[in-house]
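Survey of secondary and tertiary structure
This is what each chain is made of:
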Amino acid sequence: MAKGITRERIVAAALELLDEKGMDGITVRALAARLDVRPPALYWHLRDKQELLDEMSTTVMRRVSTALAQTAPGAGWRDDLAAHARILRAEFLLHRDGARMFSGTRVTDPEVVRAREPWFARWTEQGLTLTEADDATDLVVAFVVGFVIEEQEHRQSAETDPGRYSVTERDAWLGPDVPLVTEAGHLRDHGDARFERHLGILLDGLTARLG
């Protein structure tokens, strides 16, 4: 076993590599080179890339859990879910491809999962069934993951290809006979305003459904 190499060091180096190269840049060879070890040394600590991604995502989710624990409870489950969504997005945005990295992973720290207990207790006391509370959480997480994947792809692609999302080029491509579609393209915004608007629509739907 390579001296000084720990699971924690490997995960930290992988997150650094993610920020520099994105998801496609995380390879055993690149990670071993960053840690100055031979690739087989990494397999003493992690079985494969999926286990590495699980640990990277767990690191992010620990930060989310800590931030949520430091957040005062809202007036109800809706406020709690909104806070969860905003914190989750902020943590994903700290890393290039942060949401893409998280998608499909499994949290490996039971304390991160256990942290949901007081939230579920509060929400069921407020009248939600446990199924409704769990579904609402899943829907918000899925929304944030999808939103940030698109948000980060748009931002990163625009850096390498400024014309990729040009509204002017899109207008010419569409032609003059679809004025509503063209106008809708001009209405499309990005970032915080769009996130808050979409989150509000989702929470309005949950409120209408769950009361």
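Model, not experiment: these values are computed from the prediction.

**Section: the nonpolar core**
- Counting residues in each nonpolar core, the largest one holds 53 residues, and the members touching the most others are Leu 31, Leu 52, Met 56, Phe 92 and Val 144.
- Here this core takes 9 residues from helix H8 (residues 130-160), the largest share from any one element.
- Those residues in contact with Leu 31 that lie beyond four places of it in its chain are Ile 10, Ala 13, Ala 14, Leu 17, Leu 42 and Leu 52.

**With respect to the UniProt feature "DNA-binding region" (unreviewed entry) in the chain**
- When the UniProt feature table is mapped onto this chain, "DNA-binding region" (unreviewed entry) is found at residues 27-46.
- For residues 27-46, the helix share is 40%, the strand share is 0%, and the end-to-end C-alpha distance is 13 Å.

**Notes on the packing of helix H3 (residues 49-69) against helix H4 (residues 77-93)**
- Two elements in contact, H3 and H4, have axes whose closest approach is 10 Å; the angle formed by their N-to-C orientations is 140 degrees. Between H3 and H4, the angle falls in the class oblique. Considering only the axes of H3 and H4, their crossing is right-handed. Across the interface between the two elements, Val 60, Met 61, Arg 63, Val 64, Ala 67 and Leu 68 of H3 pack against Ala 83, His 84, Ile 87, Leu 88, Glu 91 and Phe 92 of H4.
- Here the contact of H3 with H4 is composed, by residue class, of 9 nonpolar, 1 polar and 2 charged.

**Describing unusual backbone geometry**
- Of note, Asp 36 is a non-glycine position whose phi angle comes to about 60 degrees, a positive value.
- Assignment of secondary structure puts Asp 36 in the loop between helix H2 (28-35) and H3.
- The exposed category is assigned to Asp 36, whose relative accessible area is 71%.
- You will see that Asp 97, though not glycine, has its phi angle at about 60 degrees, which is positive.
- Topologically, Asp 97 is positioned in the loop between H4 and helix H5 (98-102).
- Among the residues examined, Asp 97 registers a relative accessible area of 10% and is labelled buried.

**Observations regarding the UniProt feature "domain: HTH tetR-type" (unreviewed entry) in the chain**
- What UniProt calls "domain: HTH tetR-type" (unreviewed entry) maps, in this numbering, to residues 4-64.
- End C-alpha atoms of residues 4-64 are separated by 28 Å, and the span's content is 64% helix alongside 0% strand.

How each quantity is defined
Throughout, residues of each chain are indexed from 1 in the direction in which the sequence is written. Whole-chain, interface and lining totals are the exception, using all residues; otherwise, since this is a predicted model, local features are given only for residues with pLDDT of at least 70 and side-chain atom pairs are given and counted only at 80 or more. In computing side-chain properties, one takes all heavy atoms of the structure into account and sets aside hydrogens as well as water. Here, nonpolar core refers to any group of buried Ala, Val, Leu, Ile, Met, Phe, Trp, Tyr and Cys residues whose side-chain atoms link them within 4.5 Å. In this scheme, a residue with accessible area under 20% of its type's maximum is buried, one over 50% is exposed, and one in between is partly exposed, where area comes from a 1.4 Å probe on protein chains only. Under the DSSP-based scheme used, a helix requires at least four consecutive residues in state H or I and a strand at least two consecutive residues in state E, with every element numbered from the N terminus. For this analysis, residues touch if any pair of their heavy atoms sits within 4.5 Å. UniProt positions are given in the numbering used here, feature names are shortened, and annotations may be inferred rather than shown by experiment. Helix axes are fitted to C-alpha atoms over the stretch in contact, other axes to C-alpha atoms as well, and angles between N-to-C directions run from 0 to 180 degrees. Note on angle classes: values under 35 degrees are labelled roughly parallel, values over 145 roughly antiparallel, values of 65 to 115 roughly perpendicular, and the remainder oblique. Rotating anticlockwise by less than a right angle from the far helix to the near helix defines a left-handed crossing, while the corresponding clockwise rotation defines a right-handed one. Charged residues are taken to be Asp, Glu, Lys and Arg, nonpolar residues to be Ala, Val, Leu, Ile, Met, Phe, Trp, Tyr, Cys and Pro, and polar residues to be all remaining types, Gly included.

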